[in-house]
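Here's the letter readout for the chains.
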Amino acid sequence: MAGHKELDTVTGAETTGHVWDGDIKELNKPLPRWWLYVFYACIVWAIGYWILYPAWPLVDGYSKGVLGYSQRVSVANDIAAAKESQAHFIEAIAAKSAAEIEKDADLMEFVLRGGAAQFGNSCAPCHGKGAQGFKGYPNLNDDDWLWGGTLEEIETTIRHGIRADHPETRDSAMPRFGADQILTNVQISDTAEFVLSLSGAAGDAAAAERGKEIFAEQCAACHGEEGKGTPEMGAPNLTDAIWLYGGSKADVEETIRNSRSGVMPAWEGKLDPVTIKMLAIYVHALGGGK
Ligand code: HEC
Ligand code: HEC
(Lines give C-alpha, C1' and ligand atoms only; values in the text may rest on other atoms or scores of the structure.)
(Ligands and ions follow the chains in the order given, each with its own letter.)
Protein backbone atom coordinates (compact mmCIF):
# COMPACT_ATOMS: atom_id res chain seq x y z
CA MET A 1 0.00 0.00 0.00
CA ALA A 2 2.99 2.33 0.52
CA GLY A 3 2.94 5.29 -1.80
CA HIS A 4 -0.68 4.71 -2.56
CA LYS A 5 -2.57 7.95 -2.07
CA GLU A 6 -6.30 8.07 -1.75
CA LEU A 7 -8.83 10.74 -0.88
CA ASP A 8 -11.19 10.12 2.05
CA THR A 9 -14.73 10.22 0.82
CA VAL A 10 -16.19 11.91 3.92
CA THR A 11 -13.68 14.75 4.50
CA GLY A 12 -12.06 14.93 1.10
CA ALA A 13 -8.66 14.79 2.84
CA GLU A 14 -5.71 12.71 1.71
CA THR A 15 -5.14 9.48 3.64
CA THR A 16 -1.84 7.91 4.65
CA GLY A 17 -2.88 4.53 3.34
CA HIS A 18 -3.01 3.00 6.84
CA VAL A 19 -6.22 1.06 7.31
CA TRP A 20 -7.67 -0.68 10.39
CA ASP A 21 -10.53 -3.12 10.60
CA GLY A 22 -10.99 -2.89 6.87
CA ASP A 23 -12.39 0.63 6.65
CA ILE A 24 -10.94 2.90 9.36
CA LYS A 25 -8.43 5.04 7.45
CA GLU A 26 -5.82 7.41 8.78
CA LEU A 27 -6.05 10.93 7.37
CA ASN A 28 -2.79 12.60 6.42
CA LYS A 29 -2.77 15.65 8.70
CA PRO A 30 0.78 16.96 9.05
CA LEU A 31 1.73 19.41 11.84
CA PRO A 32 1.08 23.03 10.83
CA ARG A 33 4.12 24.73 9.37
CA TRP A 34 4.14 27.54 11.88
CA TRP A 35 4.19 25.02 14.71
CA LEU A 36 7.13 23.15 13.21
CA TYR A 37 9.12 26.37 12.75
CA VAL A 38 8.49 27.40 16.34
CA PHE A 39 9.60 23.94 17.41
CA TYR A 40 12.84 24.19 15.38
CA ALA A 41 13.43 27.69 16.71
CA CYS A 42 13.13 26.36 20.26
CA ILE A 43 15.76 23.72 19.55
CA VAL A 44 18.11 26.33 18.13
CA TRP A 45 17.44 28.62 21.08
CA ALA A 46 18.10 25.80 23.55
CA ILE A 47 21.44 24.98 21.93
CA GLY A 48 22.39 28.66 22.03
CA TYR A 49 21.38 28.77 25.69
CA TRP A 50 23.50 25.72 26.52
CA ILE A 51 26.51 27.37 24.96
CA LEU A 52 26.02 30.84 26.49
CA TYR A 53 24.66 30.07 29.97
CA PRO A 54 25.31 27.56 32.74
CA ALA A 55 23.28 24.49 31.79
CA TRP A 56 24.62 20.99 32.28
CA PRO A 57 25.42 19.36 35.61
CA LEU A 58 28.92 17.84 35.54
CA VAL A 59 30.60 15.46 37.95
CA ASP A 60 32.15 18.34 39.88
CA GLY A 61 30.10 21.44 39.22
CA TYR A 62 28.30 22.46 36.04
CA SER A 63 28.99 23.82 32.55
CA LYS A 64 29.62 27.54 33.07
CA GLY A 65 28.61 28.83 29.61
CA VAL A 66 30.71 31.26 27.56
CA LEU A 67 29.03 34.34 29.13
CA GLY A 68 30.18 33.23 32.57
CA TYR A 69 26.84 34.41 34.05
CA SER A 70 26.00 33.38 37.61
CA GLN A 71 23.01 34.48 39.68
CA ARG A 72 25.09 34.14 42.80
CA VAL A 73 27.70 36.56 41.48
CA SER A 74 24.96 38.87 40.29
CA VAL A 75 23.35 38.92 43.77
CA ALA A 76 26.75 39.42 45.40
CA ASN A 77 27.36 42.40 43.12
CA ASP A 78 23.96 43.87 43.99
CA ILE A 79 24.66 43.46 47.70
CA ALA A 80 28.10 45.03 47.35
CA ALA A 81 26.54 47.97 45.50
CA ALA A 82 23.86 48.36 48.18
CA LYS A 83 26.47 48.21 50.95
CA GLU A 84 28.53 50.83 49.20
CA SER A 85 25.56 53.15 48.92
CA GLN A 86 24.88 52.58 52.64
CA ALA A 87 28.50 53.00 53.68
CA HIS A 88 28.35 56.74 54.14
CA PHE A 89 25.23 56.40 56.32
CA ILE A 90 26.90 53.75 58.44
CA GLU A 91 30.01 55.91 58.83
CA ALA A 92 27.93 58.89 59.84
CA ILE A 93 26.02 56.83 62.40
CA ALA A 94 29.26 55.51 63.85
CA ALA A 95 30.75 59.00 64.07
CA LYS A 96 27.77 60.91 65.49
CA SER A 97 26.13 60.68 68.87
CA ALA A 98 22.56 59.42 68.97
CA ALA A 99 21.34 62.91 69.87
CA GLU A 100 23.10 64.38 66.80
CA ILE A 101 21.62 61.68 64.59
CA GLU A 102 18.11 62.49 65.80
CA LYS A 103 18.53 66.00 64.44
CA ASP A 104 19.60 64.80 60.95
CA ALA A 105 16.45 64.04 58.94
CA ASP A 106 18.14 62.05 56.16
CA LEU A 107 20.12 59.96 58.55
CA MET A 108 17.06 59.46 60.76
CA GLU A 109 15.10 58.00 57.88
CA PHE A 110 17.85 55.46 57.27
CA VAL A 111 18.17 54.71 60.98
CA LEU A 112 14.45 54.21 61.53
CA ARG A 113 14.13 51.84 58.59
CA GLY A 114 17.22 49.88 59.53
CA GLY A 115 16.17 49.91 63.19
CA ALA A 116 12.71 48.61 62.33
CA ALA A 117 14.16 45.77 60.24
CA GLN A 118 16.61 44.80 62.96
CA PHE A 119 13.92 45.07 65.61
CA GLY A 120 11.87 42.58 63.62
CA ASN A 121 14.82 40.17 63.60
CA SER A 122 16.17 40.42 67.11
CA CYS A 123 13.56 41.95 69.36
CA ALA A 124 10.09 41.17 68.02
CA PRO A 125 10.09 37.57 69.30
CA CYS A 126 9.94 38.93 72.86
CA HIS A 127 8.61 42.47 72.52
CA GLY A 128 6.17 41.86 69.67
CA LYS A 129 6.28 43.08 66.08
CA GLY A 130 4.90 46.49 66.98
CA ALA A 131 6.94 46.58 70.23
CA GLN A 132 3.61 46.29 72.04
CA GLY A 133 5.02 43.73 74.46
CA PHE A 134 3.47 40.73 76.17
CA LYS A 135 3.02 39.70 79.77
CA GLY A 136 6.52 39.83 81.26
CA TYR A 137 7.93 41.56 78.14
CA PRO A 138 7.52 45.30 78.34
CA ASN A 139 5.69 47.46 75.83
CA LEU A 140 8.29 49.83 74.34
CA ASN A 141 5.76 52.26 72.82
CA ASP A 142 4.44 53.74 76.03
CA ASP A 143 6.08 56.26 78.31
CA ASP A 144 6.48 53.77 81.11
CA TRP A 145 10.08 52.66 81.64
CA LEU A 146 11.56 50.18 84.04
CA TRP A 147 15.13 51.26 83.49
CA GLY A 148 14.67 54.75 82.09
CA GLY A 149 13.55 56.05 78.72
CA THR A 150 16.25 58.49 77.65
CA LEU A 151 18.32 57.62 74.59
CA GLU A 152 21.38 56.82 76.70
CA GLU A 153 19.41 54.68 79.14
CA ILE A 154 17.78 52.72 76.33
CA GLU A 155 21.11 52.18 74.59
CA THR A 156 22.66 50.95 77.84
CA THR A 157 19.75 48.55 78.38
CA ILE A 158 20.19 47.11 74.89
CA ARG A 159 23.97 46.85 75.18
CA HIS A 160 24.17 45.35 78.65
CA GLY A 161 20.86 43.56 78.96
CA ILE A 162 18.87 43.06 82.15
CA ARG A 163 19.89 40.31 84.57
CA ALA A 164 21.85 39.05 81.59
CA ASP A 165 25.13 37.36 80.95
CA HIS A 166 27.18 40.59 80.77
CA PRO A 167 29.57 41.97 83.40
CA GLU A 168 27.79 45.34 83.48
CA THR A 169 24.27 44.06 83.04
CA ARG A 170 21.43 45.95 84.68
CA ASP A 171 20.59 44.01 87.78
CA SER A 172 18.30 44.13 90.77
CA ALA A 173 16.19 41.57 92.51
CA MET A 174 12.91 42.10 94.23
CA PRO A 175 12.85 39.81 97.29
CA ARG A 176 10.56 36.78 97.28
CA PHE A 177 8.43 38.00 100.16
CA GLY A 178 6.29 34.86 100.36
CA ALA A 179 8.68 32.13 99.28
CA ASP A 180 11.34 33.42 101.68
CA GLN A 181 8.80 33.99 104.47
CA ILE A 182 9.44 37.69 104.85
CA LEU A 183 5.70 38.38 104.85
CA THR A 184 2.74 36.20 105.79
CA ASN A 185 -0.07 35.43 103.35
CA VAL A 186 -2.31 37.97 105.07
CA GLN A 187 0.38 40.65 104.86
CA ILE A 188 0.90 39.83 101.17
CA SER A 189 -2.81 40.15 100.56
CA ASP A 190 -2.93 43.49 102.41
CA THR A 191 0.09 44.84 100.53
CA ALA A 192 -1.44 43.76 97.22
CA GLU A 193 -4.60 45.69 98.13
CA PHE A 194 -2.49 48.76 98.84
CA VAL A 195 -0.54 48.38 95.56
CA LEU A 196 -3.81 48.12 93.62
CA SER A 197 -5.21 51.17 95.40
CA LEU A 198 -2.23 53.18 94.09
CA SER A 199 -3.66 53.04 90.59
CA GLY A 200 -7.19 53.61 91.78
CA ALA A 201 -8.38 50.00 91.70
CA ALA A 202 -10.98 50.04 94.45
CA GLY A 203 -10.78 47.09 96.80
CA ASP A 204 -10.77 46.48 100.50
CA ALA A 205 -9.90 49.92 101.93
CA ALA A 206 -9.12 48.63 105.42
CA ALA A 207 -6.73 46.02 104.03
CA ALA A 208 -5.07 48.64 101.84
CA GLU A 209 -4.60 50.82 104.91
CA ARG A 210 -2.78 47.95 106.69
CA GLY A 211 -0.79 47.27 103.50
CA LYS A 212 0.35 50.88 103.37
CA GLU A 213 2.55 50.41 106.42
CA ILE A 214 4.09 47.23 105.08
CA PHE A 215 4.75 48.97 101.78
CA ALA A 216 6.59 51.81 103.52
CA GLU A 217 8.79 49.30 105.33
CA GLN A 218 9.39 46.66 102.67
CA CYS A 219 8.79 48.16 99.26
CA ALA A 220 9.38 51.91 99.29
CA ALA A 221 13.18 51.51 99.19
CA CYS A 222 12.85 50.29 95.60
CA HIS A 223 9.46 51.43 94.39
CA GLY A 224 9.61 54.84 96.09
CA GLU A 225 7.58 56.32 98.96
CA GLU A 226 4.67 56.99 96.61
CA GLY A 227 5.17 53.83 94.57
CA LYS A 228 6.25 55.79 91.50
CA GLY A 229 9.21 53.50 90.83
CA THR A 230 13.00 53.89 90.68
CA PRO A 231 14.57 53.50 87.23
CA GLU A 232 18.06 52.99 88.69
CA MET A 233 16.76 49.74 90.19
CA GLY A 234 14.40 48.77 87.40
CA ALA A 235 11.59 48.98 89.92
CA PRO A 236 8.39 49.81 88.06
CA ASN A 237 5.97 52.60 88.76
CA LEU A 238 3.02 50.97 90.53
CA THR A 239 0.66 53.93 90.23
CA ASP A 240 0.09 54.07 86.46
CA ALA A 241 -2.10 50.98 85.94
CA ILE A 242 0.46 49.68 83.43
CA TRP A 243 1.28 46.15 84.51
CA LEU A 244 4.19 44.08 83.25
CA TYR A 245 2.98 40.99 85.04
CA GLY A 246 -0.73 41.62 85.21
CA GLY A 247 -2.88 43.82 87.44
CA SER A 248 -5.32 41.38 88.98
CA LYS A 249 -5.02 40.83 92.70
CA ALA A 250 -3.80 37.29 92.06
CA ASP A 251 -1.08 38.57 89.67
CA VAL A 252 0.14 41.18 92.15
CA GLU A 253 0.16 38.67 95.01
CA GLU A 254 2.13 36.27 92.85
CA THR A 255 4.70 39.01 92.11
CA ILE A 256 5.05 39.80 95.84
CA ARG A 257 5.18 36.14 96.87
CA ASN A 258 7.76 34.87 94.35
CA SER A 259 9.06 38.02 92.59
CA ARG A 260 9.65 37.95 88.83
CA SER A 261 13.12 38.96 87.63
CA GLY A 262 12.60 39.27 83.89
CA VAL A 263 15.67 38.65 81.75
CA MET A 264 16.58 40.66 78.66
CA PRO A 265 19.63 39.42 76.75
CA ALA A 266 22.69 41.67 76.35
CA TRP A 267 23.33 42.59 72.71
CA GLU A 268 26.86 43.93 72.96
CA GLY A 269 29.02 41.52 70.99
CA LYS A 270 25.99 39.96 69.28
CA LEU A 271 25.10 43.08 67.31
CA ASP A 272 27.62 45.65 66.08
CA PRO A 273 27.70 49.07 67.76
CA VAL A 274 26.10 50.85 64.79
CA THR A 275 23.15 48.42 64.81
CA ILE A 276 22.73 48.86 68.57
CA LYS A 277 22.76 52.62 68.18
CA MET A 278 20.17 52.36 65.41
CA LEU A 279 17.98 50.17 67.61
CA ALA A 280 18.27 52.57 70.55
CA ILE A 281 17.18 55.49 68.37
CA TYR A 282 14.39 53.40 66.85
CA VAL A 283 13.05 52.36 70.27
CA HIS A 284 13.41 55.93 71.57
CA ALA A 285 11.44 57.20 68.55
CA LEU A 286 8.61 54.69 69.03
CA GLY A 287 6.72 57.31 70.93
CA GLY A 288 7.45 56.73 74.56
CA GLY A 289 11.03 58.01 74.61
CA LYS A 290 11.87 60.66 77.17
C1 HEC B 1 14.47 36.91 75.14
C2 HEC B 1 13.52 37.96 75.19
C3 HEC B 1 13.97 39.36 74.81
C4 HEC B 1 14.56 39.77 73.64
C5 HEC B 1 14.97 38.93 72.45
C6 HEC B 1 14.69 41.19 73.74
N7 HEC B 1 14.20 41.64 74.93
FE8 HEC B 1 14.14 43.56 75.57
N9 HEC B 1 13.41 42.93 77.34
C10 HEC B 1 13.05 41.65 77.66
C11 HEC B 1 12.54 41.61 79.03
C12 HEC B 1 12.02 40.38 79.75
C13 HEC B 1 12.62 42.92 79.52
C14 HEC B 1 12.20 43.40 80.90
C15 HEC B 1 13.24 43.05 81.90
C16 HEC B 1 12.81 43.46 83.27
O17 HEC B 1 11.83 42.91 83.76
O18 HEC B 1 13.45 44.36 83.83
C19 HEC B 1 13.17 43.73 78.44
C20 HEC B 1 13.39 45.08 78.53
C21 HEC B 1 13.80 45.90 77.47
C22 HEC B 1 13.99 47.32 77.56
C23 HEC B 1 13.79 48.16 78.81
C24 HEC B 1 12.37 48.62 78.90
C25 HEC B 1 12.14 49.50 80.08
O26 HEC B 1 10.97 49.71 80.39
O27 HEC B 1 13.11 50.03 80.66
C28 HEC B 1 14.37 47.76 76.31
C29 HEC B 1 14.67 49.18 75.90
C30 HEC B 1 14.44 46.60 75.47
N31 HEC B 1 14.09 45.48 76.20
C32 HEC B 1 14.79 46.61 74.15
C33 HEC B 1 15.05 45.48 73.40
C34 HEC B 1 15.61 45.50 72.09
C35 HEC B 1 15.95 46.75 71.29
C36 HEC B 1 15.75 44.20 71.70
C37 HEC B 1 16.33 43.67 70.41
C38 HEC B 1 17.70 43.99 70.14
C39 HEC B 1 15.26 43.38 72.78
N40 HEC B 1 14.84 44.19 73.79
C41 HEC B 1 15.22 42.00 72.74
C42 HEC B 1 13.16 40.56 76.86
C43 HEC B 1 13.74 40.54 75.61
C1 HEC C 1 15.06 45.35 95.90
C2 HEC C 1 14.09 46.16 95.23
C3 HEC C 1 12.62 45.83 95.35
C4 HEC C 1 11.87 45.70 96.50
C5 HEC C 1 12.33 45.82 97.94
C6 HEC C 1 10.52 45.47 96.05
N7 HEC C 1 10.45 45.42 94.69
FE8 HEC C 1 8.79 45.14 93.58
N9 HEC C 1 9.92 45.13 91.92
C10 HEC C 1 11.28 45.34 91.88
C11 HEC C 1 11.74 45.13 90.55
C12 HEC C 1 13.18 45.26 90.07
C13 HEC C 1 10.62 44.78 89.78
C14 HEC C 1 10.59 44.44 88.29
C15 HEC C 1 10.84 42.96 88.15
C16 HEC C 1 10.94 42.55 86.71
O17 HEC C 1 10.90 43.40 85.85
O18 HEC C 1 11.04 41.34 86.47
C19 HEC C 1 9.50 44.80 90.67
C20 HEC C 1 8.18 44.51 90.29
C21 HEC C 1 7.10 44.62 91.12
C22 HEC C 1 5.75 44.47 90.68
C23 HEC C 1 5.28 44.14 89.28
C24 HEC C 1 4.78 45.36 88.58
C25 HEC C 1 4.18 45.08 87.22
O26 HEC C 1 4.15 46.01 86.41
O27 HEC C 1 3.73 43.96 86.97
C28 HEC C 1 4.97 44.66 91.79
C29 HEC C 1 3.46 44.58 91.85
C30 HEC C 1 5.85 44.90 92.89
N31 HEC C 1 7.14 44.90 92.44
C32 HEC C 1 5.44 45.13 94.17
C33 HEC C 1 6.30 45.18 95.26
C34 HEC C 1 5.88 45.18 96.62
C35 HEC C 1 4.44 45.18 97.08
C36 HEC C 1 7.01 45.20 97.38
C37 HEC C 1 7.11 45.14 98.89
C38 HEC C 1 6.39 44.10 99.54
C39 HEC C 1 8.13 45.22 96.47
N40 HEC C 1 7.66 45.20 95.21
C41 HEC C 1 9.44 45.30 96.90
C42 HEC C 1 12.10 45.69 92.92
C43 HEC C 1 11.72 45.65 94.24
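Residues numbered from 1 in each chain as written. Chains lettered and ligands numbered in written order. Predicted model: local features only at pLDDT ≥ 70, side-chain atom pairs only at ≥ 80, totals over all residues. Heavy atoms only, no water.

1. A closer look at the overall build of the chain
- Along the backbone of the chain there are 10 helices and four strands.
- Listed by position from the N terminus, the elements making up the chain come as β-β-α-β-β-α-α-α-α-α-α-α-α-α.
- In terms of overall dimensions, the chain has a C-alpha envelope of 120 × 55 × 40 Å along the principal axes.
- Of all 290 residues assigned to the chain, the portion counted as buried reaches 33%.
- Put simply, 50% of the contacts in the chain that link residues at least 6 apart link residues at least 24 apart.
- Summed over its atoms, the accessible surface of the chain is roughly 18,000 Å², and 58% of this surface lies on carbon and sulfur atoms.
- Once the 25 positive and 40 negative side-chain charges of the chain are each reduced to a mean point, those two points are 4 Å apart. (Helix = DSSP H or I, 4+ residues; strand = E, 2+ residues; numbered from the N terminus. Buried < 20%, exposed > 50% of the residue type's maximum accessible area, 1.4 Å probe, protein only. Contact = heavy atoms within 4.5 Å. Areas by Shrake-Rupley, 256 points an atom, 1.4 Å probe, with all protein chains shown as cover. Lys, Arg positive; Asp, Glu negative; His and termini not counted. Charge placed at Lys NZ, Arg CZ, Asp CG, Glu CD.)

2. Some words on the nonpolar core
- Judged by nonpolar contacts, the single largest core of 31 residues is most densely connected at Ile-93, Ile-101, Phe-119, Ile-158, Ile-281 and Val-283.
- Broken down by secondary-structure element, the contributors of at least two residues to this core are helix H3 (98-102), helix H4 (105-127), helix H5 (151-160) and helix H10 (273-285).
- The element best represented in this core is H10, accounting for eight residues.
- Every residue in contact with Ile-93, bar those within four places of it in the chain, is listed here: Ile-101, Leu-107, Phe-110, Val-111, Val-274, Lys-277 and Met-278.
- Among the nonpolar cores identified, the runner-up in size contains 15 residues, and Leu-183, Ala-208, Val-252 and Ile-256 belong to it. (Core = buried A, V, L, I, M, F, W, Y, C linked by side-chain atoms within 4.5 Å.)

3. A word on the site of ligand 2
- Around ligand 2, a shell composed of 27 residues is seen, among which Met-174, Cys-219, Cys-222, His-223 and Tyr-245 lie nearest.
- Leu-244 is positioned such that a nitrogen or oxygen atom in its backbone is 2.7 Å from an oxygen atom of ligand 2.
- Taking Ser-261, its main chain carries an N or O atom lying 3.0 Å from an oxygen atom of ligand 2.
- Elements represented by at least two residues in the shell around ligand 2 include exactly helix H6 (185-198), helix H8 (220-223) and helix H9 (249-258).
- Ranked by residues supplied to the shell around ligand 2, first place goes to H9 with three residues.
- Of the residues in the shell around ligand 2, the class split is 17 nonpolar, eight polar and two charged. (Near = heavy atom within 4 Å. Polar contact = N/O pair within 3.5 Å; in protein donor to acceptor, adjacent residues only side chain to side chain. Nonpolar A, V, L, I, M, F, W, Y, C, P; charged D, E, K, R; others polar.)

4. Some details on the coordination of the iron atom of ligand 1
- Around the iron atom of ligand 1, the protein supplies His-127 (NE2) and Met-264 (SD) as donor atoms, at distances of 2.0 to 2.1 Å.
- Here the iron atom of ligand 1 binds six donor atoms, and the angle range of 87 to 180 degrees at the metal identifies the geometry as octahedral. Residue His-127 is found in helix H4, and its partner Met-264 is found in the loop between H9 and H10; the two are separated by 137 residues along the sequence. Note on accessibility: His-127 and Met-264 belong to one class, buried. (Donors = N, O, S within 2.8 Å, 3.2 Å for Na, K, Ca; no water. Tetrahedral: all angles 85-135°; square planar, octahedral: opposite > 155°, others 65-115°.)

5. Thoughts on the coordination of the iron atom of ligand 2
- Note on the iron atom of ligand 2: its protein donors are Met-174 (SD) and His-223 (NE2). The metal-donor distances range over 2.0 to 2.1 Å.
- Taken together, the six donor atoms coordinating the iron atom of ligand 2 and their angles of 88 to 178 degrees define a geometry best described as octahedral. Of the two residues, Met-174 is situated in the loop between H5 and H6 and His-223 in helix H8; the sequence distance between them amounts to 49 residues.
- Assessed through its relative accessible area of 27%, Met-174 is described here as partly exposed.
- The exposure class of His-223 is buried, given its relative accessible area of 8%.

6. What to know about H5
- The set of residues buried in H5 consists of Leu-151, Ile-154, Glu-155, Thr-157, Ile-158 and His-160.
- Of the surrounding secondary structure, the elements contacted by the buried residues of H5 are H3 and H10.
- Following H5 by one or two positions, Gly-161 adopts a phi angle in the positive range, close to 70 degrees.

7. A look at the side chain of Ser-70
- Secondary-structure assignment places Ser-70 in the loop between strand E4 (61-62) and helix H2 (71-95).
- Side-chain polar atoms of Ser-70 contact the backbone nitrogen of Arg-72, separated by 3.2 Å.
- Among the polar contacts made by the side chain of Ser-70, one reaches the main-chain amide nitrogen of Val-73 at a distance of 3.1 Å.

8. Section: the packing of aromatic side chains
- If you walk through the whole model with that rule in mind, you get nine aromatic pairs.
- Here Tyr-53 and Tyr-69 contribute two aromatic rings whose centre-to-centre distance is 6.0 Å and whose plane-to-plane angle is 75 degrees, an arrangement assigned as edge-to-face. Within this pair, whereas Tyr-53 is found in the loop between helix H1 (33-52) and strand E3 (57-58), its partner Tyr-69 is found in the loop between E4 and H2, the two being separated by 16 residues in sequence.
- For Tyr-69, a relative accessible area of 37% translates into the label partly exposed.
- Put simply, the rings of Trp-45, Tyr-49, Tyr-53 and Tyr-69 touch in pairs and so form one group of aromatic residues.
- A cation sits over an aromatic face here: Lys-64 above Tyr-62, 4.4 Å from the ring centre.
- Directly above the ring of Trp-267 sits Lys-270, whose terminal nitrogen or CZ lies 5.2 Å from the centroid. (Phe/Tyr/Trp six-rings, centres within 6.5 Å; stacked < 30°, edge-to-face > 60°. Lys NZ or Arg CZ within 6 Å of the ring centre and 35° of its normal.)

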